[in-house]
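Here are the chains, one letter per residue:
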Amino acid sequence: MLKRSALFLVLPLALLGALPASAAVKASDVIQRAIDGFVRPAYAGLHEHTQALAKAMHELCEAPSPGELDAARTEFSATVYAWSSAEIIGLGPIKENNRLERMLFWPDRKSIGLKQVQAALSAKDPTATDPAQLAGKSVAMQGLGALEFVLFGDGADALAGKDDPYRCAYGAAVAGNIGTMAKDVNDAWNKPDGFAALWANPGPQNPLYRDGNEAVTELVGVFINELEMVRDVRLKGFLGGKPEADKPKQAIYWRSQNTGNSLAGNLDGIDRLFQVSKLGNALPEDARWMAESIHIQLVNGVATAKSVQGPIDKALADQALRGKLEHFALITSSLSTLIGTRLTAEFGLTAGFSSLDGD
């Protein structure tokens, strides 16, 4: 399974155009803006959406109907977008207790998670319908991927009636588990002495960030690594160099037709984080255009991804929609150059990293 790994950058004290004595303070301002302006609101929003999703699943199980099924599916899609924006912050609380993998086990190239979910549905495992017990099971059985199969996979239409109460009970447990994780992460980001305080207050006694340079390096790493993940893992995992090389069933959220929605959420999160942190303000005057260009391209990328609607296999077969996905790839490549090469060069960063590890 592909994982995010650390970004290693050599970051001089001149990054924020300040004397060494004040560099850490200015770095703290950038990080505090990122936390208050994006990270906390993003995870708070995710928590709200997961609560609505759990409620919709409960109502579906209580009174199955096509309308209630549609409502649950709508809440699932809204939660996917909220998670796709928040998940770019793959550090801190979301990394504790395997929450990142438990929230979304993907890619599942060997269909390990799918087989486990199908086995639970077939055996009607009673322990899988209890959120507390489900949290201790395989990470593949308790997150968005599992719930997507429940709501959109083979046999999902039975949820509109009373023929498969177990499937609904299992889905409700998954939604409840997702909601618990979202609440825990939201609470952790708001702890006065938690990870947020460590990130925003670097210093010699800080076990994670010894100075402001290390703290800002973490932030820059989010932009670089997430752009690479979106393009090389999420997009190119299903978009081939030629149509005959496309793999639509390798696309994230293909069953629920949320592939474009998810890609849009990722770039929307990156844009909002970049804007609120005001990292671009630290650029020299003659390089400020770069920040505006990054914003414009991110907005463009969000709109392009959102325009790819419907089943992903049909989108790939449609020349115009496939062209939009190729355009999305070009946008992310341009952004990687702007942020990972040109912006870092302006700051005097030396990048030497591999942001994605494979099996």
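### What to know about the packing of helix α2 (residues 66-86) against helix α10 (residues 259-277)
So, point 1. Contact geometry of α2 with α10 gives a least axis separation of 7 Å together with a crossing angle of 40 degrees. Taken together, the axes of α2 and α10 lie oblique to each other. In this structure, α2 crosses over α10, and the sense of that crossing is right-handed. When α2 is examined against α10, the residues S77, V80, Y81, S84 and S85 are found in contact with a partner set consisting of N261, S262, A264, G265, N266, D268, G269 and R272.
So, point 2. When its residues are assigned to classes, the contact of α2 with α10 shows three nonpolar, eight polar and two charged.

### Topic: unusual backbone geometry
So, point 1. The linkage connecting W106 with the following residue, P107, adopts the cis geometry, with an omega of 0 degrees.
So, point 2. The topology assignment puts P107 in the loop between α3 (99-103) and α4 (112-123).
So, point 3. Of note in this structure, N97 is not a glycine but carries a positive phi near 55 degrees.
So, point 4. Along the chain, N97 falls in the loop between α2 and α3.

### Comments concerning the environment of S262
So, point 1. By the secondary structure assignment, S262 is in helix α10.
So, point 2. Note on S262: relative accessible area 0%, which makes it buried.
So, point 3. C-alpha of S262 to C-alpha of I252: the two residues are 10 residues apart in sequence and 7.9 Å apart in space.
So, point 4. Not counting residues within four places of it along the chain, the set of residues in contact with S262 comprises V80, S84, R234, I252 and Y253.

### Describing the pattern of salt bridges
So, point 1. For the structure shown, the criterion picks out 14 salt bridges.
So, point 2. A salt bridge links D164 to K124; the nearest nitrogen and oxygen atoms lie 3.9 Å apart. Linking D164 in the loop between α6 (144-152) and α7 (165-189) with K124 in the loop between α4 and α5 (131-134), this pair joins segments that are 40 residues apart in sequence.
So, point 3. As a salt-bridge pair, K137 and D125 come within 3.2 Å of each other at their nearest N and O atoms. Of the two residues, K137 is situated in the loop between α5 and α6 and D125 in the loop between α4 and α5; the sequence distance between them amounts to 12 residues.
So, point 4. Judged by relative accessible area, K137 falls into the partly exposed class, the value being 26%.
So, point 5. Among the residues examined, D125 registers a relative accessible area of 22% and is labelled partly exposed.
So, point 6. Because the salt bridges share partners, they merge into one network encompassing D246, R322 and E326.

What counts and how
- Residues numbered from 1 in each chain as written.
- Predicted model: local features only at pLDDT ≥ 70, side-chain atom pairs only at ≥ 80, totals over all residues.
- Heavy atoms only, no water.
- Axes fitted to C-alpha atoms, helices over the stretch in contact; angles between N-to-C directions.
- Helix = DSSP H or I, 4+ residues; strand = E, 2+ residues; numbered from the N terminus.
- Parallel < 35°, antiparallel > 145°, perpendicular 65-115°, else oblique.
- Left-handed = near helix turned anticlockwise from the far one by under 90°.
- Contact = heavy atoms within 4.5 Å.
- Nonpolar A, V, L, I, M, F, W, Y, C, P; charged D, E, K, R; others polar.
- Buried < 20%, exposed > 50% of the residue type's maximum accessible area, 1.4 Å probe, protein only.
- Salt bridge = Lys/Arg side-chain N within 4 Å of Asp/Glu carboxyl O.

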